[in-house]
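As a plain string of letters, each chain reads:
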Amino acid sequence: TDFPCLSNADELPSPALIIYPDRVQANIRQMIAIAGHPSRLRPHVKTHKMAEIVALQIEQGIRKFKCSTLAEARMLASSQADDVLLAYQPAGPDIHDYIRLANENPDTIFSTIVDNQYTLDRLNAACSESVNELGVFLDINSGMNRTGIAPDETAADLYAKLHRSKNLIVRGLHVYDGHIHESNLEIRERQTNQEFAKVESLVQNLMQAGFDIPTIIAGGSPSFPIHAKRASVELSPGTPILWDFGYSDAFPDLEFQHAALLFTRVISKPAEGLLCFDLGHKAVASEMNPPRVRLLGLEDASFVSHSEEHLVLRSERASEI
């Protein structure tokens, strides 16, 4: 992908993240086009964590957001987001800290997720003296097996108990299917629909029992266009805001633009053919298998090692750098 050349590279510290706002705005427009309307979107902010990018989304009509940390929730509150979901079940002091944040920002709707009776009881007790009521989504495990409760009788029972928690507001269901990352769209759509069919069955049982389900939040970045076909579902992609080469390679059907670059420098040439960059684990997460970065103009580079502050690559063009 062609990016404008930096005119002040010598003035920039490295490593650094370079954002291209026009591309971010194009990606926001594409997300809205897929969703059909900005009100159907609740983008996750964990990819960028930036108030400036939240502002670009608000400009285009997106008012609801999802986050994973209290710091991200505070950033959203200070950005005048209308609706904030902490999609990470709070524990320990985070429960009271999140409720305090809600009380300090009465113009923002705050919610979180829960998947067990213990946390539900703690949230309900902590909200007993709260000025504002806290919203709660039941977190559904749709196959990822990371968090959530299976969409069965146990989930129905916990949802009923959530309704009986007098200090909490029932928001609905949170269904994250981040384990679905099949490149083939037809297979991905089949997998997504098979998993969500269990949720639809739970919804039907809850409604027959007389329970209201205000909102269903579903889908990660690869699956949100599939869930967009369900008129009653709220969508929560995150990666499309900045996009990356891993996702563009894996999901060619999703037409988003790369909207950010990592700015790095060669800091050493320790041996023939080797280049050491200041792009360690502290700048690039180590959870993915190498190669974790793709260097523009140095596509032949192969992975050697990666540590806290250093990334070492091998290239036949090392002597030219």
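Scroll up a little and you will see the structure.
## Quick word on the packing of helix 1 (residues 21-35) against helix 2 (residues 51-59)
Phase 1 of the analysis: Helix 2 packs onto helix 1 with a crossing angle of 45° between their chain directions and a minimal axis gap of 10 Å. As judged from the angle between their axes, helix 1 and helix 2 are oblique. Every pair of crossing elements has a handedness; the one defined by helix 1 and helix 2 is right-handed. Contacts from P21, V24, Q25 and I28 in helix 1 reach I53, L56, Q57 and E59 in helix 2.

## As for unusual backbone geometry
Phase 1 of the analysis: Omega for the peptide link from S14 to P15 comes to 0°, which places this bond in the cis form.
Phase 2 of the analysis: Considering the arrangement of structural elements, one finds P15 in the segment before strand 1 (16-19).
Phase 3 of the analysis: Along the chain, P290 connects to P291 via a cis peptide bond; the corresponding omega equals 0°.
Phase 4 of the analysis: Note on placement: P291 falls in the loop between strand 11 (274-277) and strand 12 (302-306).
Phase 5 of the analysis: Residue N145 is not a glycine yet carries a positive backbone phi of 60°.
Phase 6 of the analysis: Looking at the element boundaries, N145 is found in the loop between strand 5 (134-141) and helix 6 (153-163).

Parameters at a glance
Residues numbered from 1 in each chain as written. Predicted model: local features only at pLDDT ≥ 70, side-chain atom pairs only at ≥ 80, totals over all residues. Heavy atoms only, no water. Axes fitted to C-alpha atoms, helices over the stretch in contact; angles between N-to-C directions. Helix = DSSP H or I, 4+ residues; strand = E, 2+ residues; numbered from the N terminus. Parallel < 35°, antiparallel > 145°, perpendicular 65-115°, else oblique. Left-handed = near helix turned anticlockwise from the far one by under 90°. Contact = heavy atoms within 4.5 Å.

By themselves these figures say nothing about function.
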